[in-house]
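What follows is the residue order along each chain.
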Amino acid sequence: MNNLPLTFSFFVICLLNHSMSNHFGPAVYQLTDPVDHGEGPTWDSRTGLLYFVDIFDGRVLSYDPETSCINAITFNGAVTPVIPSQSDPHLLIVGVNRSVYAVEWNGKGKIGATKLLTTVSQQFPTSRFNDGKADKEGRLWFGTMGFEGSTGVAPNEGVLYTFTRENLLSPPAVIAPVNISNGLAWNKANDKFYYIDTPTLTVREYDYDNESGKVSNPRVVFDLRRFTTIGGFPDGMTIDKDDNLWIALYFGGAVIKVDPKTGDILQMVAIPAQCVSSVSWGGPNLDILFVTTSRHALSKQEKIRQPAAGSLFAIKNLGTHGLPAFHANIIDRIDLH
Ligand SMILES: *[C@@H]1O[C@H](CO)[C@@H](O)[C@H](O)[C@H]1NC(C)=O
Ligand SMILES: *[C@@H]1O[C@H](CO)[C@@H](O)[C@H](O)[C@H]1NC(C)=O
Ligand SMILES: *[C@@H]1O[C@H](CO)[C@@H](O)[C@H](O)[C@H]1NC(C)=O
């Protein structure tokens, strides 16, 4: 009899390990308490930190999955996105309203020096940055959207800009006009670019020239309207090792996996929050999908029914993994002092 519990527990562990890696499919974990409007997750494998933003509370947050510790710095304005730099993981590029800042922060302690790098879209004074990424070459792709009031988003005031060291003061508009600039991804071969203008309910694919950073020949490769039982709006997006797209559905309460070659939905994972805003691969093996959500637009009643809305989530056991996020190469730390 003495042996039995031991044998049994050993068996249980084996079973668990087995099931974790194979049979039961995705598992969704709530990682943090809710924030108001989580967005823009990005994993830095050099520091093992997941950065994301809380747009209207003006915060950049860091989450350490090893310790579950969460830290934040606050700015005066709407904050998004946040991108660590190539030359130094503690040099962050941060969008505040329509401006780009370089900020010293190690994700834990106090904020260091900050420097205003540039301000865009003077012609749309109430617009602000929304989603953004760095490309493989370290250029920044930051898009904007019009002011969101009680009647919706001011139309056609969004612009997708690319920033380099050379063009910081007058970055070119690569895609304009748009309504709500979102969801950027590049394929593994780095010759295709995927983009979401949220109200269009579509994902567009472009030919991408990595030397010039130019995009061309847009075509719709995914149209959410084909799927009449799935709600919401395509928001943030990432890509996996097989060039499938993972898309957050705002108001849709889910993340979907899309094959851009066929326009089909391959998988859907429900998240216990209606407003799912963005996704990023992370963890040591890049096989955890971090998911940001929002409670900003929910009514009092909805907030009660969705207590986890606004939290950071992780989806594990998806059976695939992502590629490392790229980092910004537009300024060095020495230029802040
Ligand atoms: C951002 O915009 C808000 C609202 O207009 C303003 O109060 C704030 O000062 C702006 N912040 C920055 C850093 O420009
Ligand atoms: C933006 O939204 C408005 C209102 O729905 C629409 O008329 C316009 O075509 C949209 N603009 C783009 C660039 O899709
Ligand atoms: C573009 O990609 C090619 C092939 O991978 C590479 O050799 C080249 O350095 C890249 N261009 C830039 C600007 O990095």
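The residue numbering used here restarts from 1 in each chain and proceeds along that chain's sequence as written. A letter from A marks each chain and a number from 1 marks each ligand, given out in the order of writing. With the structure being a predicted model, the display of local features is reserved for residues of pLDDT at least 70 and the display and counting of side-chain atom pairs for 80 or more, all residues being used for whole-chain, interface and lining totals. As a rule here, side-chain values come from all non-hydrogen atoms in the structure, and water together with hydrogens is ignored.

(A) Just the overall build of the protein chain, in detail. Strands are runs of DSSP state E lasting at least two residues, helices are runs of H or I lasting at least four, and both sets are numbered from the N terminus onward. Tallying secondary structure elements over the protein chain gives two helices and 26 strands in all. Every radius of gyration here is taken over C-alpha atoms, with the globule rule written as 2.2 Å times N^0.38, N being the number of residues. Taking 2.2 N^0.38 as the reference for a compact globule, 337 residues should give roughly 20 Å; the C-alpha atoms of the protein chain span a radius of gyration of 20 Å, in line with that estimate. In terms of principal-axis extent, the alpha carbons of the protein chain reach across some 80 × 50 × 45 Å. For every residue, the accessible area (1.4 Å probe, protein chains only) is compared with the maximum for its type, and the residue is labelled buried under 20%, exposed over 50%, or partly exposed between those bounds. Taken over 337 residues, the protein chain has a buried fraction of 53%. Charge convention: Lys and Arg are scored as positive, Asp and Glu as negative, and His as well as the terminal groups of each chain are ignored. To locate a charge, take NZ of a lysine, CZ of an arginine, CG of an aspartate or CD of a glutamate. In the protein chain, the 27 positive side-chain charges and the 33 negative ones have mean positions that sit 2 Å from each other.

(B) Here's a closer look at the site of ligand 3. Nearness of a residue to a molecule or strand requires only that one of the residue's heavy atoms be within 4 Å of it. Near ligand 3, the surroundings consist of Glu137, Asn210 and Glu211. Relative to its unbound accessible surface of 360 Å², ligand 3 loses 39% to contact with the protein. Per-residue and other accessible areas follow the Shrake-Rupley method at a 1.4 Å probe size, with only the shown protein chains counted as cover for residues.

(C) Quick peek at the side chain of Thr198. Assignment of secondary structure puts Thr198 in the loop between strand S17 (192-197) and strand S18 (202-209). For this analysis, a polar contact is any N or O atom pair within 3.5 Å, provided that within protein one partner can donate a hydrogen and the other can accept it, and provided that sequence-adjacent residues contribute only side-chain to side-chain pairs. A polar side-chain atom of Thr198 sits 2.8 Å from a polar atom in the side chain of Asn182. Any two residues whose heavy atoms approach within 4.5 Å at even a single point are treated as in contact. For Thr198, the residues in contact, after removing those within four places along its chain, are Ile180, Asn182, Phe233, Pro234 and Asp235.

(D) Representation of the sheet that holds strand S9 (residues 114-119) within the structure. One requirement defines pairing of two strands: DSSP has to find at least two bridges between them. Pairing within the open sheet is antiparallel, and its four strands lie in the order S6-S7-S8-S9. At either end of the open sheet lies a strand with only one pairing partner, and these are strand S6 (79-84) and S9. Strand after strand, the sheet turns through a mean of 25° between neighbouring axes, direction not considered. Pairing of strand S7 (residues 91-96) with strand S8 (residues 99-104) involves six bridges; the strand directions are antiparallel. For Val94, the partnering residue across the bridge sits in S8 and is Tyr101. Between N-to-C directions, angles span 0 to 180 degrees; the directions come from axes that are lines fitted to C-alpha atoms, helices contributing only their stretch in contact.

(E) Broad picture of the site of ligand 2. In the vicinity of ligand 2, the contacting residues are Pro155, Asn156, Pro177, Asn179 and Asp197. At 2.6 Å, a side-chain N or O of Asn156 approaches a nitrogen atom of ligand 2. With respect to ligand 2, the side chain of Asn179 contributes an N or O atom lying 2.4 Å from an oxygen atom. Coverage of ligand 2 by the protein chains reaches 42% of its 360 Å² of free accessible surface. Under the grouping applied here, Gly and all other residues not named as nonpolar or charged are polar, the nonpolar ones being Ala, Val, Leu, Ile, Met, Phe, Trp, Tyr, Cys and Pro and the charged ones Asp, Glu, Lys and Arg. Taken together, the residues that form the shell around ligand 2 break down as two nonpolar, two polar and one charged.

(F) Up close: the UniProt feature "binding site: substrate" (unreviewed entry) in the protein chain. The UniProt record marks Arg128, Asn130 and Glu148 with the feature "binding site: substrate" (unreviewed entry), using the residue numbering of this structure. The largest pairwise C-alpha distance within this set of annotated residues, which runs over 21 residues, is 11.5 Å, so the set is compact in three dimensions. By the secondary structure assignment, Arg128 is in strand S10 (residues 128-134). Overall, the relative accessible area of 11% leaves Arg128 in the buried class. Setting aside residues no more than four positions away along its own chain, Arg128 makes contact with Ile55, Phe56, Ala78, Thr80, Asn97, Arg98, Gly143, Thr144 and Met145. For Arg128, the side chain forms a polar contact with the side chain of Asn130, separated by 3.2 Å. Position of Glu148 relative to the elements: it lies in strand S12 (residues 148-149). The partly exposed category is assigned to Glu148, whose relative accessible area is 47%. UniProt positions are given in the numbering used here, feature names are shortened, and annotations may be inferred rather than shown by experiment.

(G) View of the layout of surface pockets. Its volume calculated, the largest pocket comes out at about 450 Å³. As for the largest pocket, its lining consists of 31 residues, of which Thr238, Leu323, Pro324, Ala325 and Phe326 are closest to the centre. Mapped by element, the contributors of at least two residues to the lining of the largest pocket are strand S2 (38-44), S6, S10, strand S16 (181-186), strand S20 (233-239) and strand S24 (275-282). Residue classes in the lining of the largest pocket are distributed as 18 nonpolar, nine polar and four charged. Only protein atoms enter the 1 Å grid, on which a cavity is a set of points fitting a 1.4 Å probe that cannot get out and a pocket is an open set with protein on both sides within 12 Å along at least 5 of 7 lines, lining residues being those with an atom within 4 Å of a point. Grid points are joined across faces, edges and corners, and a volume is the space filled by probe spheres set on the points.

(H) Examining the packing of aromatic side chains more closely. Under the pairing criterion, centres of Phe, Tyr and Trp rings, with the six-membered ring standing for Trp, must be within 6.5 Å; the plane angle then separates stacked pairs below 30 degrees from edge-to-face pairs above 60, leaving the rest tilted. In this structure the tally under the stated criterion is 16 aromatic pairs. Pairing Phe193 with Tyr195 gives two aromatic rings, centres 6.0 Å apart and planes at 20°, and the pair type is stacked. The pair Phe193 / Tyr195 is uniform in exposure class, with both members buried. Grouped by ring-pair contacts, the aromatic residues Trp141, Trp186, Phe193, Tyr195, Tyr206 and Tyr208 constitute a single cluster.

(I) Looking closely at the sheet that holds strand S14 (residues 158-163). As summarised here, the arrangement of the four strands in space is S10-S11-S14-S15, forming an open sheet in which the pairing is antiparallel. Bordering the open sheet on either side are S10 and strand S15 (173-178), each of which pairs with just one other strand. Mean inter-strand twist for the sheet, computed between neighbouring axes without regard to direction, equals 15°. Sheet topology places strand S11 (residues 140-145) next to S14; four bridges connect them, and they run antiparallel. By the bridge assignment for S14, Leu140 is matched with Phe163.

(J) Just unusual backbone geometry, in detail. Looking along the chain, the bond that leaves Thr80 and enters Pro81 is cis, with omega of -10°. In this fold, Pro81 is placed in strand S6. Cis geometry marks the peptide bond from Ala176 to Pro177; its omega dihedral reads -5°. As for its placement among the helices and strands, Pro177 is situated in strand S15. One non-glycine residue, Asn217, adopts positive backbone phi at about 55°. With respect to the secondary-structure elements, Asn217 resides in strand S19 (residues 214-223). Here Asn217 falls in the partly exposed class, since its relative accessible area comes to 47%. Located in the positive-phi region is Asn317, a residue other than glycine, with phi close to 65°.

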